[in-house]
Amino acid sequence: MPRMNDALAWPQEGGDARAAPALSPDHPLLRGLNPEQLAAVTLPPRHALVLAGAGSGKTRVLTTRIAWLLATGQVGPGGVLAVTFTNKAAREMLTRLTAMLPLNVRGMWIGTFHGLCHRLLRAHHASAGLPATFQILDTQDQLSAVKRLLKAAGVDEERLASKELQAFINHAKEDGLRPHDLVPRDPHTRLKIELYQRYEEQCQREGVVDFGELMLRSYELLRDHRPLREHYQRRFRHILIDEFQDTNRLQYAWLKLLAGEVEDGRFLPCGNAVMAVGDDDQSIYAFRGARVGNMADFVREFGIEAPIKLEQNYRSVGHVLRAANHLIEHNRQRLGKRLRTERGDGEPLRVVELASDFEEAQWVVEEIRQLLRDGVPAHEIAVLYRSNAQSRALEGALFQAGVPYRVWGGLRFFERAEVKHALAYLRLLDNPRDDTSFLRVVNFPPRGIGARTVEQLQQAAREAGCALADAVTLVGGRGGAALTAFVAQLDVMRERGAGLALADLVRTVLDDSGLLAHYRGERDGAERIENLEELVAAAHAFVQQEGFGRDAPGAAPVADADGETTSPLAAFLTHAALESGDHQAQAGQEAVQLMTVHAAKGLEFDAVFITGLEEGLFPHENSLTAHDGLEEERRLMYVAITRARQRLYLTWAQTRMFHGSTRYHIPSRFLDELPADSLQWLSPPRGRGWGAPQPAWGRSALGQDDVRPAGLAGLPPAAAAAPQAPVSAAGAAIRTGMAVFHPKFGEGQVLAVEGRGADARAHVHFRRHGPKWLALAVARLTPVE
DNA sequence: CAAACCGGAATTTTT
DNA sequence: TTCCGGTTTG
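The name an unreviewed UniProt entry assigns to chain A is DNA 3'-5' helicase, from the organism Tepidimonas alkaliphilus. Entered under Sequence similarities (unreviewed entry) in the UniProt record, the comment concerning chain A runs "Belongs to the helicase family. UvrD subfamily."

As structure tokens, then:
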């Protein structure tokens, strides 16, 4: 336990009071801030809500605020609590802060919700009812724990899917609810509550906590231990939260506790100040428990008179912002905010309609090649989509064209199977009761312990009420012997590792466990071995970075910032669990970036393509049933638009492969919600057919780019796309791009041909009658020379 | 124990 | 269509 009277926080007590602050507005820290930013940075100590629009310099404000508070002696490093959602954001804050001020970063509480909760729980594990060695279950581990539980309870997957139970548990925790807080409305819910209860018992027995538990347990720790709570309430004079719109119920409750709430809505005047920074228009994580409503609640409960609005955008040109503002005004539930720029109009958004997802991909790639020829760096080009499945067509086209690209998403480093196996061995060294890890590697690499034996072991452990590792002697026969040998092997590893530096310990485990040997013998094992080598390197780097000292023995206790002790191994395991690592070794830096709109949040690019702008896809059909689902989709579109600095493309395709069959789509309603005079249709505007004044699709009609040489391809979409295989109808081969004649509709151009045989259909734009789908078996279409 | 086979599901994601 | 997980088969 840290000493409760720590000379924490504020300089008056810490004895490091600085000279009277230079409060003049020309203080070097304040240089270049606009009036709103300045107001936020220099606000006197009181609660505040900062509504920070996209690209408004939010991170700068947050970090400068902290720097300002420190530099002016209003608070010491120990008195600041700054919370983010991602490690990346926390890291960035720290980096920028240390660039502004010479600081001892180690004493500062800047981190993710989960990282900080973890820190609290480690420091006060006994009060929280946790063993000192408790370990963290990631999502995968949690699911296997749930599956195991269901099996033990004799509930089969038919009756209750493991994923459903997992989601149930997580949502309950996000709302701060324990099993006894839940009311069973029906038998199914009753079952889930019952299993939630048993899940908790299982985790407790095994000494593991899932992500939700980190949050909930530390909330309860503060709630139920008054001296401790008051200690931290006194300590943290300034609490800052980033991305406040993404907080869930529990996270908000946690913040309120630290801010001095004693009981529902009643606050102790403990003199601290909470600065919540967020953007309700960028709230896109309701599906994982985020509650935009926390912003309005915050205003009410913390007595905010007027939020500080950061509406000056430093990222995008006028047309982009106008489109974003216009779109988001279709949402009803908003705090209200309007982005402005001083960067000039720039060029209008380019809207393109294509016949199929395939042609969309082709078109995008052609356009990308032109951008590259114009000198736009590849990493400044992003292709965004609503769902991951859409990346396939794009990847195919990029690959064929030889354009280097990088897809975001997929498995992260610490989530790879081989890495998880290695980590499971390491976890068992620290905590032999970790049954999830035990089961993961008990027969991996294969060592003759089959399903039957494991079954027996689980049975025995259940009956004895002990961990699997402690039950091995209870299993007889050949299986029992193999199990005992396995546990003995772990013991040997533990002993051998005791005197080693972390990286050497990891290497020893890789060898002794047989993992390396196993993958060496596998055909596709090379990459896995590389990753395991990478793990050794990561352990080494971790020790260096965390300052554990080069020669610190693996098990030697090392003091952390608050005088707590953790072994390097335990710290490394935490690191692996809380920071799942990069998305993939970046295959070549200079690459076009492909990602979902969600993944693009917080990023910016010179040129952005938003693809798949179709009803059912974006907005996604599944979202329409959810409460406020459409508004969230619209916010998602808002996020997508505001990623672009200069040039923004919006594409949609009439047909798309969806679950293996072709689906016909109409354009997204979001296209209709954009200001027409900020759009430049590169294909015929919908509903106007060819009769309308030719807009077009020529270079001449394009917006004048005042920032970057335009030089875009301006291709006619369908005509430029690769011709499809001919489909013959009534003897004549109808192909994409071809001019055709129909006895009733007259002349037109084929935009797409799809299907085969009797089902073959063509999408034709007729001069007089607009776009039509025609069955080739029926329609009398003839090619025009 | 690995390969082969079948059925079902297929937004979005960080910790 | 593709991917995953589960089961069956060699």
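Still to come is the rest of the account.
The environment of DNA strand B is formed by 28 residues, the closest being T139, N388, P446, R523 and T596. Of all atoms in DNA strand B that approach within 4 Å of the protein, 53% are sugar or phosphate atoms. In the model, a base oxygen of DNA strand B is placed 3.4 Å from a nitrogen or oxygen of the H114 side chain. Residue T596 places a side-chain N or O atom 2.7 Å away from a phosphate oxygen belonging to DNA strand B. Classifying every residue of the surface near DNA strand B gives six nonpolar, 16 polar and six charged.

A word on the packing of helix α16 (residues 417–430) against helix α23 (residues 525–546). Between α16 and α23, the least distance of the axes is 9 Å, while the angle of their chain directions is 45 degrees. Between α16 and α23, the interaxial angle falls into the category oblique. α16 and α23 meet at a crossing whose hand is right-handed. From α16, A417, E418, V419, A422 and L423 reach across to α23, where they touch R528, N531, L532 and L535. Looking at the contact of α16 with α23 residue by residue, the classes come out as six nonpolar, one polar and two charged.

Another aspect to go through is the sheet that holds strand β2 (residues 80–84). In a beta sheet, neighbouring strands are held together by backbone hydrogen bonds and run either parallel or antiparallel to one another. The six strands are arranged β3-β2-β6-β9-β1-β10 in an open sheet whose pairing can be described as parallel. Single-partner strands in this sheet number two, and they are β3 (109–112) and β10 (308–310). Taken over all neighbouring pairs, the strand axes of this sheet differ in orientation by 15 degrees on average, direction set aside. Sheet contacts for helix α5 (residues 113–123): β2, β3 and β6 (238–241); angle to β3, the most-contacted strand, approximately 120 degrees. Sheet strands in contact with helix α12 (residues 293–301) are β1 (48–52) and β9 (273–278), and its direction is about 145 degrees off that of β1.

Right, let's get into the pattern of salt bridges. Per the counting criterion, the structure on display carries 49 salt bridges. Between D210 and K173 there is a salt bridge, with the nearest N and O atoms lying 2.8 Å from each other. Residue D210 is located in strand β5 (residues 208–210), and its partner K173 is located in helix α7 (residues 162–174); the two are separated by 37 residues in the primary sequence. We note a salt bridge from R645 to D606, for which the minimum N-O separation is 2.8 Å. On the criterion of sequence distance, the pair formed by R645 in strand β20 (residues 644–658) and D606 in strand β19 (residues 605–610) is long-range, its members being 39 residues apart. Like D606, R645 is buried. Ionic contacts of the salt-bridge type, sharing partners, join the residues K173, R178, E200, D210, E213, R217 and E220 into one network.

One pass over the structure, following the stated rule, counts 19 aromatic pairs. Centroid distance F414 to F572: 6.3 Å. Interplanar angle 75 degrees. Geometry classified as edge-to-face. Remark: F572 occurs in helix α24 (residues 568–578) and F414 occurs in the loop between β15 (405–407) and α16; sequence separation between them is 158 residues. Accessibility assignment for this pair places F414 and F572 in one class, buried. Consider the rings of F438 and F486, whose centres lie 5.4 Å apart with planes at 75 degrees: the pair is edge-to-face. Remark: F486 occurs in helix α20 (residues 477–497) and F438 occurs in helix α17 (residues 435–441); sequence separation between them is 48 residues. The exposure classification of F438 matches that of F486, with both residues buried. Connected via pairs of aromatic rings, a cluster forms that spans F244, Y252, F298 and F302. Here the guanidinium or amino end of R288 rests over the ring plane of Y285, the centre of that ring lying 3.6 Å away. Its end group placed over the ring of F658, R663 keeps NZ or CZ at 4.0 Å from the ring centre.

About the cut-offs
Residues numbered from 1 in each chain as written. Chains lettered and ligands numbered in written order. Predicted model: local features only at pLDDT ≥ 70, side-chain atom pairs only at ≥ 80, totals over all residues. Heavy atoms only, no water. UniProt positions renumbered as here; feature names shortened; annotations may be inferred. Near = heavy atom within 4 Å. Polar contact = N/O pair within 3.5 Å; in protein donor to acceptor, adjacent residues only side chain to side chain. Nonpolar A, V, L, I, M, F, W, Y, C, P; charged D, E, K, R; others polar. Axes fitted to C-alpha atoms, helices over the stretch in contact; angles between N-to-C directions. Helix = DSSP H or I, 4+ residues; strand = E, 2+ residues; numbered from the N terminus. Parallel < 35°, antiparallel > 145°, perpendicular 65-115°, else oblique. Left-handed = near helix turned anticlockwise from the far one by under 90°. Contact = heavy atoms within 4.5 Å. Pairing = 2+ DSSP bridges. Salt bridge = Lys/Arg side-chain N within 4 Å of Asp/Glu carboxyl O. Buried < 20%, exposed > 50% of the residue type's maximum accessible area, 1.4 Å probe, protein only. Phe/Tyr/Trp six-rings, centres within 6.5 Å; stacked < 30°, edge-to-face > 60°. Lys NZ or Arg CZ within 6 Å of the ring centre and 35° of its normal.

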